[in-house]
Protein chains: 2
Amino acid sequence: VRVTDHRQVVAAKRDGRTLTAAEVEGFMEGYTGGDVSDALAASFLMACVLNGMDAGETLAMTRAMIASGETVSFSGLERPTVDKHSTGGVSDGVTLVFAPLAASLGLAVAKLSGRGLGHTGGTLDKLESIPGLRTDLTPDELRAQVAEVGCAVGAPSANLVPADGALYALRDATATVPSIPLIAASVMSKKLAVGTDLILLDVKAGSGAFMKTPEEAERLAVACLDLATGWGRAARVAVTDMSQPLGDAVGNALDVAEAVEVLQGGFRGRMRDLAVAFAAAALEHAGSVGRDEATARAEVALDDGSALERFRAMVEAQGGDPRVAEDPWAVLPKAPVVRPLTAAASGVVQAIDAEAIGLASGALGAGRLHKGDPIDPAVGIVVRVKVGDRVEAGEPIGALHARDGGSAADAAARVNAALTLGEGEAAPAPLVYGWFG
Amino acid sequence: VRVTDHRQVVAAKRDGRTLTAAEVEGFMEGYTGGDVSDALAASFLMACVLNGMDAGETLAMTRAMIASGETVSFSGLERPTVDKHSTGGVSDGVTLVFAPLAASLGLAVAKLSGRGLGHTGGTLDKLESIPGLRTDLTPDELRAQVAEVGCAVGAPSANLVPADGALYALRDATATVPSIPLIAASVMSKKLAVGTDLILLDVKAGSGAFMKTPEEAERLAVACLDLATGWGRAARVAVTDMSQPLGDAVGNALDVAEAVEVLQGGFRGRMRDLAVAFAAAALEHAGSVGRDEATARAEVALDDGSALERFRAMVEAQGGDPRVAEDPWAVLPKAPVVRPLTAAASGVVQAIDAEAIGLASGALGAGRLHKGDPIDPAVGIVVRVKVGDRVEAGEPIGALHARDGGSAADAAARVNAALTLGEGEAAPAPLVYGWFG
C-alpha cells in the first residue's frame, strides 16, 4: 500500500465520506506496520473524533485492532464462560465480587482486567494488594484455573490487542480521546479478543465516569453492543450510576476489604446490588432461569458463603494469602496513618464529585496519573455518606488511610470540598439506568 | 509551557472553542521549539481544517509563523515598494512582466518568489532558465538592486518564515492542506515578513488553481486581506481566472520567452492584460493617478520598450545574459525534440483542464512532484488555443518541447485529452472576477 493511499483515506474521512471496511483495515494495518506515521494517524483520529464513525467503520477498526495480536479461546470448558468489564469508576470493586459470585452459581468467569488510571481504580491493582497474589497468569494457567475454580482474574498479555495500547497512547497525546466510536473500539477489541460465551459490560455514567451523562453512556453502550453483534458475540450492557462512589472504599487494599465484606454477606448497598444484578444477568443468559429466580440465587450465594468460598479458592489458586477471605486486615497492607474523616459542615448531601474523590485518593498514592507509575496498595479513603444522607459538622463520615498526617489532612479537605451540602432532601440517581442487548 | 497545556489548546479547538491569540501563539511556539510533537500538531491541524479558524486565530498563527524567523525590511527606499504574489497556476508568467513593468513606472518591486510544485510553475524556476542568472540574493543585494534597478526577484532565505516550510510539509503528509485559514496564513506569513508598502495578491480560481471556484478563491482573498489589515499593511487582492492556462507557454524557458514577447509589446492577450492590471493597481495605490490613467501608462511602458529595458537591467544585475531581452532563443536552453502539437479532433474548445496541462508539462520534465526535485528548464508545452476557439483535426495548435519523441507523443495525447470540444459557442470566464481591498 502506498503512502498516498493512506493519505487518501484520511482525506476521505476529513471530507465526510464513509470509509469502506477495506480502507479502515488497510489504514490500521499501515499504522501497526509502521507505514502510517503517528502524525498521519493523529490527523485521522481527529477527523474520526469530529466527523464520527458509523457502525461499519467502527467494526472494521475493531477487527483490525484484534488482528494486531493474539486471541484467547475458552472453548471446550464445560461451564458457560462470562467476561465482565466496567468502563471505570470510583470505588468500583464489583468485579472482585462478581467473579466468585458467578462462579458459585455454576458459571465460568475468565477476566483479563486492567489497571487504574487518573481518577479510576483498576481491578488488578486492587487484587495485587493481597500478599502473594499473582495476576501474570499465562493463557494456560488462566484456562486451567477457570476450569478448576470457576473464576480467574489476570492481566492481559502484551500481545492481546497491542494496537489498542499504541493507539490509546497516541490518542492521549493528541487530544483525540473523547469519541464514542473510538472508545467503543478500544473497549470491545479487548473483550472480543477473548472468546467467552457472554460479555457483560458496565458503562458508567456520572461525575466519576468518563461518560458524564446517562445519554452519553447510552450511546457508548449501544456502540459496544453493535460491535459485539457485528462480531457475532452475545453481550449485555448496563448503563449504571457513577454520580457518586459506588461503594465506600476508594483505594486498593481498602476495596478488597470492602469486597470481602460484601462476599461475607455483611454489606448491604449498591456494590452488592450491582454485583447481584450482573450475576443474575449472566445466569439468566446461560440457562432457563428467569431474572427474578437468578437474582434470588445470587443473593443466597452471597448470604450462605458459597461466593466467599470461591473468592478464597481464586485467591489461593493465584498464590495469594487465602486468609484474606476471613480476616482481610490480618493480611492486607495497612497505611501508617489512619485518621477519621469528619464532615466540615452540616447539611444534606446533594451531590458527590466522585472524580474529585478518586483524584484525592490518587494523591494519597492509591492511583496513578501516568501508565506504569507505582501505586501504594495501603492508602486510600473511606467515605460512608451517600447522596441524600444528612451530616453534621464534626461528625465522623469515614477515614483517611495515608502515609503521613499532611497528606491525610489534604485528602480530608479535598473530600469535604467534593461534597455539596444543602438543606433540601436529595434523591440519588438510579443505580441502573437501563440494560441493552 | 507544559505538554498538557498544548493538548488543552487542541482539545479546545476540537470542542469548537475560539482560541485566544496567546493560545495559538503558544502552541505554534511549542511546535517550532519542538515541545509539540508532529502528531499533536497534526491533530491540531485537522481540528483547524474541520472546525475552522476565525480571523483572530488566523492572524495569531500568522504572527507566530513570522516570529519563527527573520524579516526583511525595505524602509528607506525612495520609491514606493510593492510585492506581488500569485497563489499559483499554469502558464502564469505575470511576475516576470509585472516586476520590470512596475519598475519602469517608478515603483520598486521587491519580490521573494517560489518554485513550482505539482501542476503549477514557479517564477524562480522560470528565471533560472536564463543562463547565469542568480536568485540567491542576500538581503543586502536584493535591497541594493531594488534601489538601483527598481526590481529584483530572489529566493527567500531558509530563515524567512521557517515554520511555514515545516508546517506545510506536515500538512502535506497528514491530509490537512485544504483549509482557507491555513492557506491564508501560509501565503501571507511570507508576504508580511517582507516589509513593502503594498502587497498585491493574485488569487487564482479554476481548473488550474488550488481554489477550483471563484467563490472559494474569494474566501481565500478575504482571509488574506484580513491578515494584511490585521497586520497593518496595505494590500489589494484580485481573484482571477485560471480555468485555462493564462498564457500559451507552459514550461520555464518557454515562459521566459513568452514574457519577453509581452515586454517587447508584441503579445496581446490575458497575460499582458493581467500584468497591466496589477501594475495599474500598484501605480494607483502609490500616487494621485486614477485607474484609467495608470492603466494607460502601463500600456505605454510595454509598447515603448521601457518595461523591457528594466527587465534587461534586472537580468543583468542578477548575473543573467541580458541578450535574453532582445532574442530569447539566442540564449535560452532549447529542448532536443520540438514537435508540432496538432488537434486530435474538430470542434469549439468548451473547456481546458489547465491542471492536466500543467501535469503534462511536468511529466516532460518541466515541473516537480516533490519539493527539491530537479527540473529541465528547456522542456514544456505551448498551447495556442483558448476557450471559444474553433480547431480542426490535424491543425497545428502549438508545440511540444521534449527530451525525446516518446515523451512528446505522450504529452500531445495528454493535452488533447485536456481539451473539451463541442459544437456550440463557448465564452471564456472573465479574466478578473473582482478586486478586494
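None of these values were measured; they are calculated from a predicted model.

(A) A look at the overall build of chain A. If you tally the helices and strands in chain A, you get 17 helices and 15 strands. Radius of gyration (C-alpha) of chain A: 22 Å, near the 22 Å computed for a compact globule of 437 residues. Overall, chain A is about 65 × 50 × 40 Å in size when its C-alpha atoms are taken along their principal axes. Of all 437 residues assigned to chain A, the portion counted as buried reaches 57%. Carbon and sulfur atoms form 52% of the exposed surface of chain A, whose accessible area is close to 15900 Å². Mean positive and mean negative side-chain charge positions of chain A (38 and 55 charges, respectively) differ by 2 Å.

(B) Inspection of helix α10 (residues 214-231) of chain A at higher detail. Residues and elements named next belong to chain A. Over its 18 residues, α10 runs 25 Å from end to end, which matches the ideal 26 Å to within 8%, given 1.5 Å per residue. Those residues of α10 lying buried are Ala217, Leu220, Ala221, Ala223, Cys224, Leu225, Leu227 and Ala228. Tucked into the core, α10 has its buried residues touching α4 (55-67), α9 (180-192), β6 (198-205), β7 (235-241) and β15 (432-436). Gly232 sits one or two residues past α10 and shows a positive phi near 80°.

(C) Local environment of the sheet that holds strand β2 (residues 81-86) of chain B. All names here are of chain B. Strand order across the open sheet formed by six strands is β4-β3-β2-β6-β7-β15, with mixed pairing between neighbours. One side of each edge strand has no neighbouring strand; the edge strands of this open sheet are β4 (151-154) and β15 (432-436). In this sheet, neighbouring strand axes are inclined to one another by 20° on average, regardless of whether the strands run parallel or antiparallel. Helix α12 (residues 270-286) contacts β2, β6 (198-205), β7 (235-241) and β15 of the sheet and is inclined by roughly 150° relative to β6.

(D) Layout of the pattern of salt bridges. All names here are of chain A. Under the defined criterion, the tally for this structure stands at 62 salt bridges over all chains. Linking Arg384 and Asp248 is a salt bridge whose minimum nitrogen-to-oxygen distance equals 3.2 Å. In this pair, Arg384 sits in the loop between β11 (380-383) and β12 (390-391) while Asp248 sits in the loop between β7 and β8 (249-251), placing the two residues 136 residues apart along the sequence. Taking the relative accessible area as the measure of exposure, Asp248 reaches 11% and is therefore buried. If you follow the salt bridges from partner to partner, you end up with Arg115, Asp125, Glu128 and Arg368 in one network.

(E) Quick peek at the relation of the copies chain A and chain B. Overlaying chain A on chain B yields an RMSD of 0.1 Å, the required transformation being a rotation through 179° with an accompanying axial translation of 0.1 Å. The superposition of one copy onto the other is thereby described by a two-fold rotation axis. Proximity to the rotation axis, assessed at the C-alpha, singles out Ala39 of chain A in chain A; its C-alpha lies 1.9 Å from the axis. When you check the interface residues of chain A against chain B, 100% turn up at the interface there too, and the contact is symmetric in its surfaces.

(F) Layout of the environment of Ala343 of chain A. Residues and elements named next belong to chain A. As for its position among the elements, Ala343 is in the loop between β9 (337-342) and β10 (347-352). On the basis of relative accessibility, which here comes to 5%, the residue Ala343 falls in the buried class. Along the sequence, Ala343 and Ile381 sit 38 residues apart, while their C-alpha atoms lie 14 Å from each other. With near-sequence residues (within four places) excluded, Ala343 lies in contact with Val391, Glu392, Ala393, Gly394, Glu395, Ile397 and Asn416.

(G) Representation of the packing of aromatic side chains within the structure. Overall, the coordinates contain four aromatic pairs over all chains when judged by the stated rule. Note on Phe27 of chain A and Phe44 of chain A: the rings are 4.3 Å apart at their centroids and 35° apart in plane angle, and the pair reads as tilted. Within this pair, whereas Phe27 of chain A is found in helix α2 (residues 21-33), its partner Phe44 of chain A is found in helix α3 (residues 38-51), the two being separated by 17 residues in sequence. Across the pair, Phe44 of chain A and Phe27 of chain A agree in class, each one buried. The ring centre of Trp435 of chain A lies 5.3 Å from the NZ or CZ of Arg291 of chain A, which sits over that ring. Across from the ring centre of Phe278 of chain B, 5.6 Å away, lies the NZ or CZ of Lys84 of chain B, which sits over that ring.

(H) How the structure looks around the side chain of Thr174 of chain A. When you line up the elements, Thr174 of chain A lands in the loop between α8 (162-173) and α9. A polar contact is formed between the side chain of Thr174 of chain A and the side chain of Thr176 of chain A, at a distance of 2.9 Å. Discounting chain neighbours no more than four positions away, the residues touching Thr174 of chain A are Ala42 and Met46 of chain A together with Arg7, Val10, Ala39, Leu40 and Ser43 of chain B.

(I) Inspection of the interface of chain A and chain B at higher detail. Taken together, the 21 residues of chain A in the interface contact 21 residues of chain B. For the pair chain A and chain B, the summed buried area comes to about 1600 Å², and 70% of that belongs to carbon and sulfur atoms. Taken together, the links from chain A to chain B amount to two salt bridges. A salt bridge links Asp172 of chain B to Arg7 of chain A; the nearest nitrogen and oxygen atoms lie 3.6 Å apart.

(J) View of the environment of Ala280 of chain A. As for its placement among the helices and strands, Ala280 of chain A is situated in helix α12 (residues 270-286). When sequence neighbours within four positions are dropped, the list of residues in contact with Ala280 of chain A reads Arg291, Ala294 and Thr295 of chain A.

(K) Representation of the side chain of His119 of chain B within the structure. All names here are of chain B. Examined against the element boundaries, His119 turns out to sit in the loop between β3 (108-112) and α6 (123-127). Using a relative accessible area of 9% as the deciding quantity, one classes His119 as buried. Only 2.9 Å separates the side chain of His119 from the backbone oxygen of Gly208, close enough to count as a polar contact. The residues contacting His119, other than those within four sequence positions of it, are Gly89, Val90, Gly208, Ala209, Phe210, Glu355, Gly358 and Leu359.

(L) The sheet that holds strand β8 (residues 249-251) of chain B, seen in detail. All names here are of chain B. Ordered in space as β8-β11-β13-β9, the four strands form an open sheet in which the pairing is antiparallel. The open sheet has two edge strands with one neighbour each: β8 and β9 (337-342). Taken pair by pair, the neighbouring strands of this sheet meet at an average axis angle of 15°, ignoring direction. The pairing of β8 with strand β11 (residues 380-383) spans three bridges and is classified as antiparallel. Residue pairing for β11: Ala249 is matched across the bridge by Val382.

(M) The arrangement of α12 of chain B in detail. The terminal C-alpha atoms of α12 of chain B, which comprises 17 residues, lie 24 Å apart, in line with the 24 Å expected from a rise of 1.5 Å per residue. Taking burial as the measure, the 17 residues of α12 of chain B include 13 buried ones, the bulk of the element.

(N) Focus on the pairing of strand β4 (residues 151-154) of chain A. Residue and element names in this part refer to chain A. A two-sided burial pattern is seen for β4, the buried positions comprising Cys151 and Val153 on one face and Ala152 and Gly154 on the other. Sheet analysis places strand β3 (residues 108-112) next to β4, joined by four bridges and oriented parallel. When the bridges of β4 are listed, Lys111 appears paired with Val153.

(O) How the structure looks around the nonpolar core. Counting residues in each nonpolar core, the largest one holds 140 residues, and the members touching the most others are Met61 and Met188 of chain A together with Met61 and Met188 of chain B. Aside from chain neighbours lying at most four places away, what touches Met188 of chain A is Thr62, Ile199, Leu201, Cys224, Leu227 and Ala228 of chain A.

(P) How the structure looks around the packing of helix α5 (residues 94-104) of chain B against helix α11 (residues 253-263) of chain B. Residue and element names in this part refer to chain B. α11 packs onto α5 with a crossing angle of 40° between their chain directions and a minimal axis gap of 9 Å. In terms of crossing hand, the pair formed by α5 and α11 is right-handed. Within the contact between the two elements, α5 uses Leu96, Val97 and Pro100 and α11 uses Asp255, Val256, Ala259, Val262 and Leu263.

(Q) View of unusual backbone geometry. With a phi close to 60°, Ser91 of chain A is a non-glycine residue in the positive phi region. With respect to the helices and strands, Ser91 of chain A occurs in the loop between β2 (81-86) and α5 (94-104). Its identity is not glycine, yet Val161 of chain B carries a phi of approximately 50°, on the positive side. Note that Val161 of chain B resides in the loop between β4 and α8 (162-173).

Rules and cut-offs
Residues numbered from 1 in each chain as written. Chains lettered and ligands numbered in written order. Predicted model: local features only at pLDDT ≥ 70, side-chain atom pairs only at ≥ 80, totals over all residues. Heavy atoms only, no water. Helix = DSSP H or I, 4+ residues; strand = E, 2+ residues; numbered from the N terminus. Rg over C-alpha atoms; globule rule 2.2 N^0.38 Å. Buried < 20%, exposed > 50% of the residue type's maximum accessible area, 1.4 Å probe, protein only. Areas by Shrake-Rupley, 256 points an atom, 1.4 Å probe, with all protein chains shown as cover. Lys, Arg positive; Asp, Glu negative; His and termini not counted. Charge placed at Lys NZ, Arg CZ, Asp CG, Glu CD. Expected span 1.5 Å × (residues − 1). Contact = heavy atoms within 4.5 Å. Pairing = 2+ DSSP bridges. Axes fitted to C-alpha atoms, helices over the stretch in contact; angles between N-to-C directions. Salt bridge = Lys/Arg side-chain N within 4 Å of Asp/Glu carboxyl O. Least-squares fit on C-alpha atoms with pLDDT ≥ 70 in both. Phe/Tyr/Trp six-rings, centres within 6.5 Å; stacked < 30°, edge-to-face > 60°. Lys NZ or Arg CZ within 6 Å of the ring centre and 35° of its normal. Polar contact = N/O pair within 3.5 Å; in protein donor to acceptor, adjacent residues only side chain to side chain. Buried area = accessible area lost by both parts, 1.4 Å probe. Core = buried A, V, L, I, M, F, W, Y, C linked by side-chain atoms within 4.5 Å. Left-handed = near helix turned anticlockwise from the far one by under 90°.

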